Amino acid sequence: SSDWRAQVAAWKPSDPLPRALPLVDENGHPFHLGDLRGAPLAIGFVFTHCAVSDACPMTMARLVDAQRLAIETHARVRFLVVTIDPQRDTPAVLADYARHFEADTATFTLATGDKDAVDALASLFNVVAVPAGAPIPHPVRPAIVDAELRVKHVYADNNFQSKEVLDAAVAQ
């Protein structure tokens, strides 16, 4: 629907993220960003064939690490990693990626979707996928979102530690 486009167009940094924005999880199930409301969310953007070791793989490893800490401390925090290369990163590719990093998909969602929707979501975090050959240059900007989907903190590149992410999310 065009509903999410209107939400994106009207979005301001103090607003909740566009709840109608459609995505598809690593199992191929469609969902809307609003479905993730109810617990703080750590969100990151990757593409699975990124070969820059301190970029996407580090984002993913640190977020999975933060998830392990969340499980150990019984913290109610969810994790969302969105691909910025939806043409290549199908749900099956994302499921493999989740297994490779040992993410627990009960609270860690990997998402792809329609390129327009993915680009729109990434753009709210000033993450722009440049459609060049590999590697895709892009800023790595993990963020913390509260239970109502308001952005509370955006990290500069991979300048974050797993525990820091968890503590920031729990504080929401």
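Preceding this paragraph is the structure being described.
Everything numeric in this text was worked out from a predicted model, so none of it was measured.

A. Just the overall build of the chain, in detail. Broken down by element type, the chain carries five helices and seven strands. Secondary structure elements in the chain, listed N-terminal to C-terminal, are α-β-β-β-α-β-α-β-α-β-β-α. When burial is assessed residue by residue, the chain has 48% of its 172 residues classed as buried. When contacts within the chain are restricted to residue pairs at least 6 apart in sequence, those whose partners lie at least 24 apart make up 68%. Put simply, the chain shows about 7900 Å² of open surface, and 53% of that area lies on carbon and sulfur atoms.

B. Just the pairing of strand E7 (residues 151-154), in detail. Two elements, strand E6 (residues 143-145) and E7, share three bridges in a ladder whose sense is antiparallel. Of the residues in E7, the one forming a bridge with Ala-143 is Val-154. Hairpin connection between E6 and E7: a loop of five residues separates the two successive antiparallel strands, and Leu-149 in this loop has a positive phi of roughly 70 degrees.

C. Seen up close, the sheet that holds strand E3 (residues 41-46). Pairing in this open sheet of seven strands is mixed, and the strands run E2-E1-E5-E4-E3-E6-E7 from one edge to the other. The open sheet has two edge strands with one neighbour each: strand E2 (30-32) and E7. Neighbour to neighbour, the strand axes of the sheet diverge by 35 degrees on average, direction disregarded. Where helix H2 (residues 56-72) meets the sheet, it contacts E3, strand E4 (78-83) and strand E5 (108-112), and its direction lies at approximately 165 degrees from that of E4.

D. Quick peek at the side chain of Thr-112. Looking at the secondary structure, you find Thr-112 in strand E5. At a separation of 3.2 Å, a polar atom in the side chain of Thr-112 contacts the main-chain carbonyl oxygen of Asp-89. What Thr-112 contacts, discounting residues up to four positions off in sequence, is Leu-23, Val-24, Thr-83, Pro-86, Asp-89, Thr-90, Pro-91, Leu-94 and Val-118.

Rules and cut-offs
Residues numbered from 1 in each chain as written. Predicted model: local features only at pLDDT ≥ 70, side-chain atom pairs only at ≥ 80, totals over all residues. Heavy atoms only, no water. Helix = DSSP H or I, 4+ residues; strand = E, 2+ residues; numbered from the N terminus. Buried < 20%, exposed > 50% of the residue type's maximum accessible area, 1.4 Å probe, protein only. Contact = heavy atoms within 4.5 Å. Areas by Shrake-Rupley, 256 points an atom, 1.4 Å probe, with all protein chains shown as cover. Pairing = 2+ DSSP bridges. Axes fitted to C-alpha atoms, helices over the stretch in contact; angles between N-to-C directions. Polar contact = N/O pair within 3.5 Å; in protein donor to acceptor, adjacent residues only side chain to side chain.

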